[in-house]
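Breakdown of the fold
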Amino acid sequence: MFMPVGTRGTVRTQTLPQLQQLRTLGAPMLLANTYHLLLRPGIEVFEQFGGLHRFMGWDGAILTDSGGFQVFSLAHSRTIDDAGAAFQGVQDGPRTVLSPERSIEMQRAIGSDVMMVMDHCIDATCSEAEARDAMERTHRWARRSLAARGASSQQLFAIIQGARFPALRRESALDLTSLDGFDGYAIGGLAVGEEREEREAITELVAALLPDDRPRYLMGVGTPNDILEAVHRGVDMFDCIMPTAWAQHGRVFTSTGELDLRKGSFKLADEALDPACGCEACTRHSRAYLHHLVKCQEPLGWQLLANHNLHYYVRMMADIRVAIASGSFGELYAARRRA
Ligand SMILES: [Zn+2]
């Protein structure tokens, strides 16, 4: 499945009825970000409202990341040691500490259906020694996260680290799958600037070491083709901001290829964006009108195209599930993959 990214308790530009429609088409779970929700609106709001489901009105499932990735990619004046990460959410703002225990506490308050352990994310260009250090810390934090989960009925996924080093990836997968209590496993630390071949090789190596009876989640990946390649290597779950982020710039995925609606060639295009798609943009508007909205930077253009791109991803995953269930995924993969 593909999880639309609902960073701050909203999938950017999408209304609740649109999310519910996507849910009926096959997107049962949203991804929310603990880091952002911890900074704003803050834990007390989720305690008051009894969690994010009720706060945003979403009765589908929610997966929360641990906040670790954002601490490493967004935070100011960050310091990190075994205790956790201390950082400023905004420049010159108050110092916040995120630890494995604090992350679980926050995710319990958010009330997500699936929680993620806090992991130590590092740059794709790090040395093997740095990668080992971060991986071993990730393993220690995974144990603390299991302990912090207590009696919570929320599921908890571990995150395999090890950067681009096959030996470390193998070690990480073996260590984390040896622990009792994880409901699923994520492959972290990819989609951060490594080569595509490297990512696919690591995905293949790690997926082969994970138990068959637990979901595997490749974090932050990717393009439709990246997802197809990862499914081929045994991954089940995905999230990516591309559908909404591309839409903001007038870029869409269609059944006949990618389009850039900023281009002047769409000015008079009196046809549907994608005749194979049943979304609002495709059934009610012409390419010319959508091009016009994009050129004027109208919020409705972003809104409609984001909804279309999400439809595209969700429909692709539905096709993949049908193919897997009927034993014809190999044919779908061969027909759709981009060499
Ligand atoms: Zn559409």
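Quick look at the structure, then. The residue numbering used here restarts from 1 in each chain and proceeds along that chain's sequence as written. Note on the predicted model: pLDDT of at least 70 is required for a residue's local features to be given, and 80 or more for side-chain atom pairs to be given and counted; whole-chain, interface and lining totals, by contrast, use all residues. Only hydrogens and water are set aside when side-chain values are computed; all heavy atoms of the structure are taken into account.

**Some points on the overall build of the chain**
Heads up, the condition is: Under the scheme used here, helices are H or I runs from DSSP no shorter than 4 residues and strands are E runs no shorter than 2 residues, and both carry numbers assigned from the N terminus. A radius of gyration in this sense is built from C-alpha atoms; the matching globule rule multiplies 2.2 Å by the number of residues raised to 0.38. Under the scheme applied here, a residue whose accessible area is under 20% of the maximum for its type counts as buried, over 50% as exposed, and between as partly exposed, the area being computed with a 1.4 Å probe on protein chains only. Residue contacts are counted whenever heavy atoms from the two residues lie within 4.5 Å of one another. The accessible surface values rely on the Shrake-Rupley method and a 1.4 Å probe; as for residues, cover is taken only from the protein chains in view. The charge count includes Lys and Arg as positive and Asp and Glu as negative, but it does not include His or the ends of the chains. Taken as the charge location is NZ of Lys, CZ of Arg, CG of Asp or CD of Glu.
Helix and strand content of the chain: 15 helices and 13 strands. Relative to the compact-globule value of 20 Å for 339 residues, the chain shows a C-alpha radius of gyration of 20 Å, a close match. By principal-axis analysis of the C-alpha atoms, the chain measures approximately 60 × 45 × 35 Å. Per-residue burial for the chain yields a buried fraction of 55% across its 339 residues. For the chain, long-range pairs separated by at least 24 residues make up 68% of all intrachain contacts whose partners lie at least 6 apart in sequence. About 14,900 Å² of surface is accessible on the chain, with carbon and sulfur atoms providing 51% of the total. Across the chain, 35 positive and 41 negative side-chain charges occur, with their mean positions spaced 4 Å apart.

**Some thoughts on the sheet that holds strand E3 (residues 61-65)**
Applicable threshold: For two strands to be treated as a pair, DSSP must find at least two bridges joining them. To define axes, lines are fitted to C-alpha atoms, for helices over the stretch in contact only, and angles between the resulting N-to-C directions are given on a 0 to 180 degree scale.
Pairing is parallel across the open sheet formed by eight strands, whose spatial order is E1-E11-E10-E9-E8-E7-E3-E2. This sheet does not close on itself; its edge strands, each paired only once, are strand E1 (2-3) and strand E2 (29-33). As judged from the two bridges shared by E1 and strand E11 (residues 237-239), these two strands associate in the parallel manner. From the neighbouring strand, Met 3 faces E11, where its bridge partner is Asp 239. Running over the sheet, helix H7 (residues 128-149) touches strand E7 (114-116) and strand E8 (155-160) and is turned about 175° from E8.

**Considerations on the coordination of the zinc ion**
To keep it simple, the criterion reads: Here a donor is any nitrogen, oxygen or sulfur atom (N, O, S) within 2.8 Å of the metal, with 3.2 Å used for Na, K and Ca; water is not among the atoms considered, so some sites may look incomplete. Angular criteria define each label, namely tetrahedral for four donors with all angles between 85 and 135 degrees, square planar for four and octahedral for six donors with opposite donors over 155 degrees apart and remaining angles between 65 and 115, and irregular for whatever fails these tests.
Donor atoms from the polypeptide that coordinate the zinc ion comprise Cys 277 (SG), Cys 279 (SG), Cys 282 (SG) and His 308 (ND1), at 2.1 to 2.3 Å from the metal. Because the angles between the four donor atoms bound to the zinc ion fall within 96 to 117°, the donor set is best described as tetrahedral.

**Overview of the packing of aromatic side chains**
Note the following rule: Any two rings among Phe, Tyr and Trp, with Trp reduced to its six-membered ring, count as a pair given centres within 6.5 Å; such a pair is stacked if its planes are under 30 degrees apart, edge-to-face if over 60, and tilted if neither. A ring is considered to have a charge above it if a Lys NZ or an Arg CZ atom is located within 6 Å of its centre and within 35 degrees of its normal.
Applying the stated rule across the entire model yields nine aromatic pairs. Summarising the aromatic geometry, the rings of Phe 2 and Tyr 313 are spaced 4.7 Å apart at their centres and angled 50° between planes, so their arrangement reads as tilted. Residue Phe 2 is found in strand E1, and its partner Tyr 313 is found in helix H14 (residues 299-325); the two are separated by 311 residues along the sequence. A single burial state applies to Phe 2 and to Tyr 313, both of which are buried. When the centroid spacing of 6.1 Å and the interplanar angle of 25° are considered together, the rings of Phe 329 and Tyr 333 count as stacked. Placement of both Phe 329 and Tyr 333 in helix H15 (residues 329-336) is noted, with a separation of four residues, approximately one turn of the helix. In terms of burial, Phe 329 and Tyr 333 fall into one category: buried. Cluster of aromatic residues (ring-pair linked, three or more members): Phe 2, Trp 246, Phe 253, Tyr 312 and Tyr 313. Looking at Arg 251, its charged tip hangs above the ring of Trp 246, at a distance of 3.9 Å from the centre.

The values reported here are purely geometric and, on their own, carry no functional implication.
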